[in-house]
Amino acid sequence: MHGSRAAVVEPDTREIAILDWPSLREIYRQPLNASCVDWRRNASTPLLAVGTTDGHVYAIEDPILSAIPDYVPCPRSWYIGGHSLEVLSVAWNRQDTELLLSASADMTVQIWRIHGHVASPIANLRGHTGQIQVSTWFSEEQVITGSSDHTLRLWERTRQSAKIPPRS
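Visitor: I keep staring at the overall build of the protein and nothing clicks. Help me out?
Guide: Across its full length, the protein holds 0 helices and 14 strands. The N-to-C order of helical and strand elements in the protein reads β-β-β-β-β-β-β-β-β-β-β-β-β-β. Each of the 168 residues in the protein was classed as buried or not, and the buried ones make up 48%. When contacts within the protein are restricted to residue pairs at least 6 apart in sequence, long-range pairs at least 24 apart make up 40% of them. Carbon and sulfur atoms form 51% of the exposed surface of the protein, whose accessible area is close to 8300 Å².

Visitor: Please explain the nonpolar core as it appears in this structure.
Guide: A general trend in soluble globular proteins is that nonpolar side chains are found buried together. Grouped together as the largest cluster of nonpolar side chains are 13 residues, with contacts concentrated most on Trp78, Ile80, Val90, Trp92, Leu100 and Ile114. Looking at this core, the elements with two or more residues in it are β5 (47–52), β6 (56–61), β7 (77–82), β8 (87–92) and β10 (108–115). A total of 3 residues in this core trace back to one element, the largest contributor, which is β8. Those residues in contact with leucine 100 that sit more than four places away from it in its chain are Ala49, Val57, Ile80, Val90, Ala91, Trp92, Gln110, Ile111, Trp112, Ile114 and Trp137. Ranked by size, the runner-up nonpolar core spans 12 residues in total, among them Ala91, Val109, Ile111 and Trp155.

Visitor: Got a minute to help me understand unusual backbone geometry in this structure?
Guide: With glycine set apart, most residues show a phi of negative sign, and most peptide bonds adopt trans. For methionine 107, which is not glycine, the phi torsion reads 75 degrees and is therefore positive. Checked against the element boundaries, methionine 107 lands in the loop between β9 (99–104) and β10. In this model, histidine 150 sits at a positive phi of 70 degrees, which is unusual for a non-glycine residue. Looking at the element boundaries, histidine 150 is found in the loop between β13 (142–147) and β14 (152–156).

Visitor: So what exactly am I meant to see when it comes to the sheet that holds β13 here?
Guide: Strands belonging to one sheet form pairs held by backbone hydrogen bonds; the direction of such a pair is parallel or antiparallel. Taking strand neighbours across the sheet as the criterion, the 3 strands line up as β12-β13-β14 in an open arrangement whose pairing is antiparallel. The open sheet has two edge strands with one neighbour each: β12 (132–137) and β14. Averaged over neighbouring strand pairs, the angle between their axes works out to 20 degrees when direction is ignored. Strand direction decides the pairing type here: β13 and β14, joined by 5 bridges, are antiparallel. Bridge pairing in β14 places glycine 146 opposite leucine 152.

The rules behind the values
- Residues numbered from 1 in each chain as written.
- Predicted model: local features only at pLDDT ≥ 70, side-chain atom pairs only at ≥ 80, totals over all residues.
- Heavy atoms only, no water.
- Helix = DSSP H or I, 4+ residues; strand = E, 2+ residues; numbered from the N terminus.
- Buried < 20%, exposed > 50% of the residue type's maximum accessible area, 1.4 Å probe, protein only.
- Contact = heavy atoms within 4.5 Å.
- Areas by Shrake-Rupley, 256 points an atom, 1.4 Å probe, with all protein chains shown as cover.
- Core = buried A, V, L, I, M, F, W, Y, C linked by side-chain atoms within 4.5 Å.
- Pairing = 2+ DSSP bridges.
- Axes fitted to C-alpha atoms, helices over the stretch in contact; angles between N-to-C directions.

This is how it looks when you write it as structure tokens:
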């Protein structure tokens, strides 16, 4: 949830819906085969990151949060990047709001720098032997991941040599 908006992934259609809160009036819907979402908070432009079942990551800009009452423009969305398998977790960094991570069934975590409408890969975390099912920022520089290989890992994003996911 972000401010007075909630993002919902429809379980049957995998569409992403943005709802007004608390009325639950639907504001926006997009068929993205969504599997996970996270709002970027504390930034000049609120963004909703969406991970998909086909391995893609998208950002949806939320101009809905404008100060004009009853004005509901259509949000803009764009492709950030991808993985070779389903994206199971996305998370914005709370300190550096340009940093987004995406964790995947392909056993990698990708860290992106989102500046404007440009996404640059800055680190790819590799080492799990199972799907990365959950990930979150521990600090501005550290990421924690949990995998189906029954391990938790703490990563330093600046100590990773790989920038992009391996080719499948």
